[in-house]
Each structure stands twice: as structure tokens, then as C-alpha cells.
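Summary of the model geometry
These are the residues of each chain, in order.
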Amino acid sequence: MRSLMNILRLGRKELWSLARDPMLLLLIVYVFTASVYTAATAMPETLHNAPIGIVDEDQSPLSARIVSAFYPPYFTRPKIITRSEMDSGMDNGEFTFALNIPPDFQSDVLAGRQPEIQLNIDATRMSQAFTGNGYIQQIVMDEINEFMNRNRAATDLPAKLSLRSRFNPTLEQSWFGSVAEIINSVAMLAIILTGAALIREREHGTIEHLLVMPVTPAEIMISKILSMGLVVLLASALSLFFVVRGLLQVPTQGSIVLFMAGAALCIFAMTSFGIYMATLARSMPQFGLLLMLTLMPLQMLSGGMTPRESMPEFVQDVMLLAPTTHFVTIGQAILFRGAGLDVVWTSFLALLIIGCVLFALSLSRFRKTISQMA
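Conventions and cut-offs
Residues numbered from 1 in each chain as written. Predicted model: local features only at pLDDT ≥ 70, side-chain atom pairs only at ≥ 80, totals over all residues. Heavy atoms only, no water. Phe/Tyr/Trp six-rings, centres within 6.5 Å; stacked < 30°, edge-to-face > 60°. Helix = DSSP H or I, 4+ residues; strand = E, 2+ residues; numbered from the N terminus. Buried < 20%, exposed > 50% of the residue type's maximum accessible area, 1.4 Å probe, protein only. Salt bridge = Lys/Arg side-chain N within 4 Å of Asp/Glu carboxyl O. Pairing = 2+ DSSP bridges. Contact = heavy atoms within 4.5 Å. Axes fitted to C-alpha atoms, helices over the stretch in contact; angles between N-to-C directions. UniProt positions renumbered as here; feature names shortened; annotations may be inferred. Domains from an automatic or database assignment.

1. Considerations on the packing of aromatic side chains
Counted according to the given criterion, the structure contains 6 aromatic pairs. On the numbers, 5.7 Å between centres and 20 degrees between planes, the contact of phenylalanine 259 with phenylalanine 327 is stacked. Of this pair, phenylalanine 259 sits in helix H11 (residues 256-280) while phenylalanine 327 sits in helix H14 (residues 323-336), and the two are 68 residues apart along the sequence. Phenylalanine 327 shares its class with phenylalanine 259; the two are buried. Through a chain of ring-to-ring contacts, three or more aromatic side chains come together here, namely Phe70, Phe75 and Phe97.

Pasting the structure below:
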């Protein structure tokens, strides 16, 4: 009971210290509001409102059909330009695509001479350039074939492919981006807040005050983990309800309580890791450098940004030791596919084991650091 009271008092002290740090408070608010909203809405779809300019030197019914075939939401309304405007427009970034229909194009098509249409692409816009290239080729060829066949009738095929998109029927980018950002933010802030709490004690000299008090290193460490973990857990829950489900109107399929339980395990592991990193760093700048070296690989290789199956097998095996990998699996399975505990229990168990190992390592390192300071 005495240890529990010590942990509660120390945890309350950590919360008061956080409340007096406006920059960390601003970071928490930004990460779970503006950052989530930006990740969901600022990232464009595969091809969305791509600007296109068309040089129509033929001025024929066929060229008019091709021009009218480009419309939103994939492309903006085509801008009819001249050859000189095409080069300057591409140089100034006005167009992602510039289509040049040569003179006598329709007559050459009818005569079977196989004329060429020039398509210029701004390849600096990689995602839209790659996808839009195929879209434009398909659109132009469809219009030419329909013009030659004198009708728009669909070709009868011996079989049809019926597509069904599960879990995200309309392929909305915001559904994936918002949830993935919350998952990444939980791991990031869990490390930052606990690491900053410990380094702040060392920089202000209050860690020496704690050493002369009747508290143990384990109580000091647990208080920081519980207090900072509670802040991250509460902020992620509010972001999920008010930003993701409220503002962005993203439906969640599974149990929110089960997801928050997985988030609590991930926070336990990442806060322990944050304490370990803070014992290695002597100042906040050093802690920031360590954070860059560890957080980016954890986020990029955990499966939140790209599928783990597309990575080398060695990387997949190594990342099984990272708590973020299992948290991404839990988050996607529960929130996207509505999975229950019977599906994700192995990831829960892995998170618990990894968290206990990280806690033991951090506590051992923290005790050594405390003894050296004493």
C-alpha cells in the first residue's frame, strides 16, 4: 500500500509537470487533432484533379471527343493551349500532363497510318504521373476505337470480373490515413513524453531530490509510465471519437474497448522504451537524435505505411521484436475488419511479452543510472 501511494503521488507530480510545459501540451493537441486530420485529407488519392493541358492541332470531331473525355474527379477540365504554352506550362508546374494531338490526326487514323499522339508528363509528381499515364492511354484508345466502330457499345466478353472491396467499399484514403496516424502517434508520444519527463528531472536537478526521499527506482519509473501512458491513452481515445469518427466520419468496425486495451499494452512497451532511451541521453537534443534513429524505422517497417509482406523476410522477422508491428496488426484488424480477441490474441500476447522485457531492461538501466548519480 505504501508503494502504491508513492506511485500515485509521483504520478500526480508528473502530471503537474506536464501541465506546466506548454510546448509538450501543444504537441499532444497537434498530434491527435491537426496531424490526424492532415494525414487523412492532405494525402491525395491515386489520381485526383490532375491538371491537364491539351494542344489540339487537328480540330476534328475525333480530337474533340478525346478532349471531352477528360473530366473530374480524375482530371481537372482540360485547358486548351498552344504548343508554346505547353512547354512553359510544364516548366512552371501548371500541368501534370500535356497532350499534343497532331494535325490531320483524324484523317491519318481513318487512312490506317497509325499517327502518334505526344503525351508529356511531369514525373516529379510520381504517384499521379505513374497512374495517370495508364489512365490517359486507356481513355485515348477507347475514344479512338469507339470512333472507328461508330458506336459506344461495350464489347461482349465471355466472362466478367465482379469486384468487391471489403472493409473500405469506396476506397476512401481518409479511412486508412486517419487510423494509421493515430497508431503512429500513440507510439511516438509514448516515447517522447516519458523520455522528456525523465530528462526534465535531470536537467532541473529534481532527480537528486527524489533520491533522498523514501522511494525506490521502480516506483519512480512506474509513476512516469503510468502518468504519461494515461495521457497518451486518453488523448488517443478522444482523437478516435471526435476527430476520426466525428469530424472525418470514418466508420470503425470492431470494439473500441478492445482497441484501447491493445493501445494500453503498446503504450506500456513504448513508455518503457522511452525510459531506456532517456537513460542513454544526457540532454533533450541527444534524446531527439536517438528518437530519430529509432522512431522512423519503427513506423516505416511496422506495416503501418506499407504492407509487411512487401518487405524482405529478414526485415519482417526482425520487426516482430518491435511493439509497433503488433500494435499495427491489432489496430488494422479491429478497426478495419472488426476482429475480436480470438483473432488478435497472439498480437496481444506478443505485446505483453515485449513490454515486460523492455520494462525489465529499462528498470535495470534506470537503477544503474540512479546509482551513478547518487
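2. Some points on the pattern of salt bridges
Per the stated rule, a full pass over the model turns up 7 salt bridges. The partner of glutamate 14 in a salt bridge is lysine 224, with the nearest N and O atoms 2.5 Å apart. Linking glutamate 14 in helix H1 (residues 2-19) with lysine 224 in helix H10 (residues 217-247), this pair joins segments that are 210 residues apart in sequence. The pair formed by glutamate 14 and lysine 224 is uniform in burial state, with each residue classed as buried. Note that arginine 200 is salt-bridged to aspartate 21, the shortest N-O span being 3.5 Å. One end of the pair, arginine 200, is in helix H8 (residues 173-204); the other, aspartate 21, is in the loop between H1 and helix H2 (22-32), and 179 residues separate them in sequence. In this structure, arginine 200 and aspartate 21 share a single accessibility class: buried. Shared partners join several salt bridges into a network, and the residues in it are Lys13, Glu14 and Lys224.

3. Details of the sheet that holds strand S4 (residues 118-121)
Spatial ordering of the open sheet is given by S2-S1-S3-S4, a layout of 4 strands whose pairing is mixed. At either end of the open sheet lies a strand with only one pairing partner, and these are strand S2 (79-80) and S4. Against the sheet, helix H5 (residues 83-91) makes contact with strand S1 (52-56), strand S3 (97-101) and S4, and its axis sits at roughly 165 degrees relative to S3, the strand it touches most.

4. Some words on the UniProt feature "transmembrane region" (unreviewed entry) in the protein
Here, the residues flagged by UniProt with the feature "transmembrane region" (unreviewed entry) are residues 175-199, 220-244, 256-275, 287-305 and 343-363. Structurally, residues 220-244 is divided into 100% helix and 0% strand, and its ends, taken at the C-alpha atoms, are 35 Å apart. For residues 343-363, the helix share is 100%, the strand share is 0%, and the end-to-end C-alpha distance is 32 Å.

5. Side note on unusual backbone geometry
Of note, the bond from proline 72 into proline 73 is cis; its omega dihedral lies within 30 degrees of zero at 10 degrees. Relative to the helices and strands, proline 73 resides in the loop between helix H4 (61-68) and S2. A positive phi angle, near 55 degrees, is found at glutamine 59, a position not held by glycine. Tracing the sequence through the fold places glutamine 59 in the loop between S1 and H4. The residue glutamine 114 is not glycine, and still its phi comes out positive at about 55 degrees. Mapped onto the elements, glutamine 114 comes out in the loop between helix H6 (105-110) and S4.

6. Describing the pairing of S1
For S1, the tally of buried residues reaches 5 of 5 residues, placing the bulk of the element in the interior. The alternating pattern of S1 places Ile52, Ile54 and Asp56 and Gly53 and Val55 on opposite faces, both of which are buried. The sheet contact formed by S1 and S3 spans 5 bridges and is parallel. What sits directly across from isoleucine 54, in S3, is leucine 99.

7. Section: the domain arrangement of the protein
Each domain of the protein was delimited in the assignment, giving domain 1 (1-43 + 172-373) and domain 2 (52-149). Computed from C-alpha atoms alone, the centre-to-centre distance between domain 1 and domain 2 is 50 Å.

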